[in-house]
Amino acid sequence: MTDEQLLGQARAAAAKAYAPYSNFQVGCAIESVDGEVVTGANMENACYRLGLCAEQSALTAAQHQFGLDKVARIAVVGGTDATVCTPCGGCRQAILEAAHLSGRDVEIICSSGDGSAVERHRIGELIPFGFGPQNL
Ligand code: THU
């Protein structure tokens, strides 16, 4: 699957977000080493602090579908304008867990909502000196 196709899946997932409070829809698509893809979107709640990010939603699906240790690439799309949506700090930590399990410096492809800007990062770059399973 190309980066554009994976981003397309993330974009389709964003359209199914439940984000009536922020009106900021985020979608995430995760590809396994074997080419399987799962998606997730943010899901907010009237009790604001219970909101779930798209990445964590998709990581849960990934664990159930093929296992966090098989995570290869992640695509994130959010918002509506030209600002690239990168994972929040908590989601970086959650992605780092999968990276530690897989032994891979997972690639994260991030796009703006309007599709005009794309950035490619590695989780080790987004969260250097991270705290992971090996610290315990
Ligand atoms: N959000 C995500 O889903 N992922 C991120 O990495 C950044 C933020 C969601 C949380 C909330 O529902 C909305 O975007 C605004 O913060």
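Further up the page is the structure itself.
Conventions we followed
Residues numbered from 1 in each chain as written. Predicted model: local features only at pLDDT ≥ 70, side-chain atom pairs only at ≥ 80, totals over all residues. Heavy atoms only, no water. Helix = DSSP H or I, 4+ residues; strand = E, 2+ residues; numbered from the N terminus. Rg over C-alpha atoms; globule rule 2.2 N^0.38 Å. Buried < 20%, exposed > 50% of the residue type's maximum accessible area, 1.4 Å probe, protein only. Areas by Shrake-Rupley, 256 points an atom, 1.4 Å probe, with all protein chains shown as cover. Lys, Arg positive; Asp, Glu negative; His and termini not counted. Charge placed at Lys NZ, Arg CZ, Asp CG, Glu CD. Contact = heavy atoms within 4.5 Å. Pairing = 2+ DSSP bridges. Near = heavy atom within 4 Å. Polar contact = N/O pair within 3.5 Å; in protein donor to acceptor, adjacent residues only side chain to side chain. Nonpolar A, V, L, I, M, F, W, Y, C, P; charged D, E, K, R; others polar. Phe/Tyr/Trp six-rings, centres within 6.5 Å; stacked < 30°, edge-to-face > 60°. Expected span 1.5 Å × (residues − 1). Arc of directions from axis to C-beta.

Visitor: An account of the overall build of the protein is needed here, citing residue identities and associated values.
Guide: In terms of regular secondary structure, the protein is built from four helices and five strands. Traced from its N-terminal end to its C-terminal end, the protein shows the element sequence α-β-β-α-β-α-β-β-α. The C-alpha atoms of the protein give 14 Å as radius of gyration, which agrees with the globular expectation for 136 residues (14 Å, within 12%). Taken over the C-alpha atoms alone, the protein extends approximately 40 × 35 × 25 Å along its principal axes. For the protein, with 136 residues in total, the buried portion stands at 46%. Put simply, the protein shows about 6,900 Å² of open surface, and 52% of that area lies on carbon and sulfur atoms. Across the protein, 9 positive and 15 negative side-chain charges occur, with their mean positions spaced 2 Å apart.

Visitor: Account for the environment of L126, with residues named and values stated.
Guide: Within the secondary structure, L126 is located in helix α4 (residues 123-126). In this structure, L126 is in contact with P87, R92, I108 and H121, ignoring residues within four places of it in sequence.

Visitor: Kindly report on the pairing of strand β1 (residues 26-32), identifying the contributing residues and their values.
Guide: Taking burial as the measure, the seven residues of β1 include seven buried ones, the bulk of the element. Residues V26, C28, I30 and S32 point to one face of β1 and G27, A29 and E31 to the other, with burial holding for every one of them. In terms of strand pairing, β1 meets strand β3 (residues 71-78) through seven bridges, oriented antiparallel. Within β3, the position partnered with G27 by the bridge is V77.

Visitor: Give me the lowdown on the site of the ligand, citing residues and values where you can.
Guide: In the vicinity of the ligand, the contacting residues are S22, F24, V26, N42, E44, C53, A54, E55, T86, P87 and C88. In this structure, E55 approaches the ligand through a side-chain N or O atom, which is 2.7 Å from an oxygen atom. Burial of the ligand by the surrounding chains reaches 76%, relative to a free accessible area of 370 Å². Here the residues of the shell around the ligand sort into six nonpolar, three polar and two charged.

Visitor: Which residues make up the packing of aromatic side chains, and what values do they have?
Guide: Counted by the stated rule, this structure contains one aromatic pair. Measuring from centroid to centroid gives 5.4 Å for Y21 and Y48, while their planes differ by 45°, and the two rings are tilted. You can see Y21 sitting in the loop between α1 (3-14) and β1 and its partner Y48 sitting in the loop between β2 (37-41) and α2 (54-65), a full 27 residues away along the chain.

Visitor: Mind laying out the environment of R122, listing which residues take part and the relevant values?
Guide: In this structure, R122 sits in strand β5 (residues 118-122). For the pair R122 and D105, spaced 17 residues apart in sequence, the C-alpha to C-alpha distance is 6.0 Å. Discounting residues that sit within four places of it in the chain, R122 has contacts with D105, V106 and E107.

Visitor: Before we move on, can you summarise α1 with the specific residues and values?
Guide: Relative to the 16 Å expected for twelve residues at 1.5 Å per residue, α1 spans 16 Å between its end C-alpha atoms, a close match to the ideal helical length. For α1, every residue scored as buried is listed here: D3, L6, L7, A10, A13 and A14. Buried residues in α1, looked at end-on, bunch into an arc of 115°, giving them a common side.

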